[in-house]
Amino acid sequence: MDTNERLRHLLMQRGWTEYRLAKKCGLSQSTIANIYRRNTVPSIATLEVICNGFGITLSQFFADEEMVELTPDLKAVFDSWVNLTPEQKAAALQMLRAMDQS
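This structure is a prediction, so every number in the text was calculated from the model and none was measured. (Residues numbered from 1 in each chain as written. Predicted model: local features only at pLDDT ≥ 70, side-chain atom pairs only at ≥ 80, totals over all residues. Heavy atoms only, no water.)

Peer 1: How should the packing of aromatic side chains be read in this particular structure?
Peer 2: By convention here, two paired aromatic rings are described through the distance between centres and the angle between planes. Summed over all chains, the structure comprises two aromatic pairs. Consider the rings of Trp16 and Phe54, whose centres lie 5.4 Å apart with planes at 15°: the pair is stacked. Pair noted here: Trp16 is in the loop between helix 1 (3–14) and helix 2 (18–25) and Phe54 is in helix 4 (residues 44–54), with a separation of 38 residues, a long-range link. For the pair shown, Trp16 and Phe54 are each scored as buried. Judged by centre distance (4.9 Å) and plane angle (85°), the rings of Phe61 and Phe62 are edge-to-face. For Phe61, a relative accessible area of 2% corresponds to the buried category. Between Arg6 and the ring centre of Phe61, over which it is positioned, the NZ or CZ distance is 5.8 Å. A cation sits over an aromatic face here: Arg14 above Trp16, 5.7 Å from the ring centre. (Phe/Tyr/Trp six-rings, centres within 6.5 Å; stacked < 30°, edge-to-face > 60°. Helix = DSSP H or I, 4+ residues; strand = E, 2+ residues; numbered from the N terminus. Buried < 20%, exposed > 50% of the residue type's maximum accessible area, 1.4 Å probe, protein only. Lys NZ or Arg CZ within 6 Å of the ring centre and 35° of its normal.)

Rendered as structure tokens:
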């Protein structure tokens, strides 16, 4: 999937317009529109700003597999996870699995 096709897919997946994306990422609507109308590939800096608007990373944008958005809550969980001992991680997983079965 090329860059512009991926952008279109993300817009369609969310049900967003180009205008909404422009507002979310802080770019002008004409900048977003020009990407599509002129079929240009945005610079990495522009693409990074667009990804921030979508709430994804550049690596998620280019990932071939199912994308998981890193919400602020998930980021907090991942940041906390890194500092846990192996025993704490096992306990946390056990607790999450028990809650998932409820």
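Peer 1: So what exactly am I meant to see when it comes to the pattern of salt bridges here?
Peer 2: Any two side chains of opposite charge can pair if their charged atoms end up close together. Taken as a whole, this structure holds two salt bridges when the rule is applied. One salt bridge in this structure joins Glu18 and Arg37, with 3.2 Å as the shortest N-O distance. Here Arg37 lies in helix 3 (residues 29–37) and Glu18 lies in helix 2, a separation of 19 residues in the sequence. The exposure class assigned to Glu18 is partly exposed, which follows from its relative accessible area of 22%. Overall, Arg37 belongs to the exposed group, its relative accessible area being 62%. Close ionic contact of Lys75 with Asp79 constitutes a salt bridge, the shortest N to O distance being 2.9 Å. Remark: Asp79 and Lys75 occur in helix 6 (residues 72–82); sequence separation between them is four residues, near one turn of the helix. Assessed through its relative accessible area of 41%, Asp79 is described here as partly exposed. (Salt bridge = Lys/Arg side-chain N within 4 Å of Asp/Glu carboxyl O.)

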